Amino acid sequence: MHLYVHVPFCVRRCSYCDFSIAVRKHVPAREYVECVLRELSLLRAEPRPGLATLYLGGGTPSLLPADSIATLVTSLLNAFPSTPSLDVIEVTLEANPEDVTSESAVAWRRAGVNRVSLGAQSFDDRVLQWMHRSHDGARIGAAVRTLRDAGLDNVSLDLIFALPPELDRDWPRDLGHALALQPTHLSLYGLTVEPRTPLARWISRGTSTAPDDERYAAEYLLAHERLSAAGYEFYEVSNAARDGLRSRHNSAYWSGHSYTGLGPAAHSYDGRARRWNVAAWEKYAGAIRAGRAPLESEETLTPEQRELERLYLALRTDAGVARSACPPGRLTAWVGQGWAEIRNGRLVCTPEGWLRLDALVRDLTGVEAIG
Ligand code: SF4
């Protein structure tokens, strides 16, 4: 079983972020942990299977005090008694660099966390300020070293690319800084403009520029070149790992496995239907206090929707799709254009193909892409 726990709290909202968060100076950690554990007790599914992965995402999970993280992780692991030992399962914590201290890193490791995904985004202080991030560039390297000293070697870095041109962000320099830290994993996200974010307001006022496709493509392809040369394998459109240290939790999503989500806005999928929780923290906590499941809605996927989703997710990854799933005409055209290649009898997107993923899925199925 793959378990996701959404921790909604952040100290401020980043300029591009439209996630479901609750901005708080003081995090109601105890109440939050109690709510998540009560939500779990409201779920059916006894006997519970063992956990294969546990992922604390957000928001900013590292804002929770270390003892709350320890209580949460320990209680969740205890609630799934068939879970194999901590050496076998993957327990990921999303953290912001400013929350990593020697004490917190040691406490996370003791609690069972064995993978940390660090929201680095850029190493340029000017860019980080524009993003409304709370750390500076130097803090990222310090955080990685502190995590390693605490025995947390499996560290992933998130970076954002395709920023507005007026920022004059030096992408090759940021890639160089990231690679110098030798993370086991990198996640690279192109900036998108979401409605009702500070960035969307800046663009509508004319004080910022929308990211352009050419910059996006150039920076994406450069990242492929630099990371591949450094021994990283892009195993998904936005994710690269070295030494086989892929995110097992996210890989489960992409290969269509079922998963359970706890916390505000968390999604669950049982292989047939998807359900998701109310997004607002107060509404979520209110439902739990009243003894109700905090469900916002659910949908049952038709066999056609499931097939489309399977195809889309498979093309996002280096598993690709069976050659036989692709009409010969399309196959020849895509391979001829350099957008895909045949590997072990499967059609797998090249970086140029991943840049056109939605169009390729539309071309293959005649249906607008999803996700
Ligand atoms: S830290 Fe992450 S979740 Fe929180 S506002 Fe920034 S981008 Fe959004």
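Refer to the structure printed above.
Residues numbered from 1 in each chain as written. Predicted model: local features only at pLDDT ≥ 70, side-chain atom pairs only at ≥ 80, totals over all residues. Heavy atoms only, no water.

S.K.: Teacher, can you tell me more about the overall build of the protein here?
M.R.: Broken down by element type, the protein carries 14 helices and 17 strands. For the C-alpha atoms alone, the extent of the protein along its principal axes is close to 55 × 50 × 45 Å. Taking all 371 residues of the protein together, the buried fraction comes to 50%. Counting contacts in the protein only where the partners sit at least 6 residues apart, residues at least 24 apart contribute 68% of the total. When the accessible surface of the protein is summed, it comes to about 16700 Å², and 50% of that surface belongs to carbon and sulfur atoms. Side chains of the protein give 41 positive and 45 negative charges; the mean places of these two sets differ by 4 Å. (Helix = DSSP H or I, 4+ residues; strand = E, 2+ residues; numbered from the N terminus. Buried < 20%, exposed > 50% of the residue type's maximum accessible area, 1.4 Å probe, protein only. Contact = heavy atoms within 4.5 Å. Areas by Shrake-Rupley, 256 points an atom, 1.4 Å probe, with all protein chains shown as cover. Lys, Arg positive; Asp, Glu negative; His and termini not counted. Charge placed at Lys NZ, Arg CZ, Asp CG, Glu CD.)

S.K.: Can you walk me through helix α8 (residues 213-229) in this structure?
M.R.: Residues separated by three or four positions in an α-helix point in the same direction, a consequence of the helix having 3.6 residues per turn. The first and last C-alpha atoms of α8 sit 24 Å apart over 17 residues, in line with the 24 Å expected at 1.5 Å per residue. Turning to α8, its buried residues number three or more, namely Glu219, Tyr220, Ala223, His224 and Leu227. End-on view of α8: buried residues confined to an arc of 145°, all on one side of the axis. Those residues of α8 that are exposed and aimed more than 90 degrees away from the buried face are Glu214, Glu225 and Ala229. Contacts made by the buried residues of α8 are with β7 (155-161), α6 (171-180), β8 (185-190), β9 (233-236), β10 (239-241) and α13 (351-354). (Expected span 1.5 Å × (residues − 1). Arc of directions from axis to C-beta.)

S.K.: Which parts of the structure should I look at to understand the packing of helix α11 (residues 303-316) against helix α14 (residues 357-365)?
M.R.: Helix-helix packing is described using two parameters, namely the angle between the two axes and the distance between the axes. As a packed pair, α11 and α14 sit with axes 11 Å apart at the nearest point and diverge in direction by 140°. Classed by the angle they form, the pair α11 and α14 counts as oblique. Of the two elements, α11 crosses α14, and the hand of that crossing is right-handed. Mapping the contact onto sequence places Leu308, Leu311, Tyr312, Leu315 and Arg316 in α11 and Leu357, Asp358, Val361, Leu364 and Thr365 in α14. Residue classes in the contact of α11 with α14 are distributed as seven nonpolar, one polar and two charged. (Axes fitted to C-alpha atoms, helices over the stretch in contact; angles between N-to-C directions. Parallel < 35°, antiparallel > 145°, perpendicular 65-115°, else oblique. Left-handed = near helix turned anticlockwise from the far one by under 90°. Nonpolar A, V, L, I, M, F, W, Y, C, P; charged D, E, K, R; others polar.)

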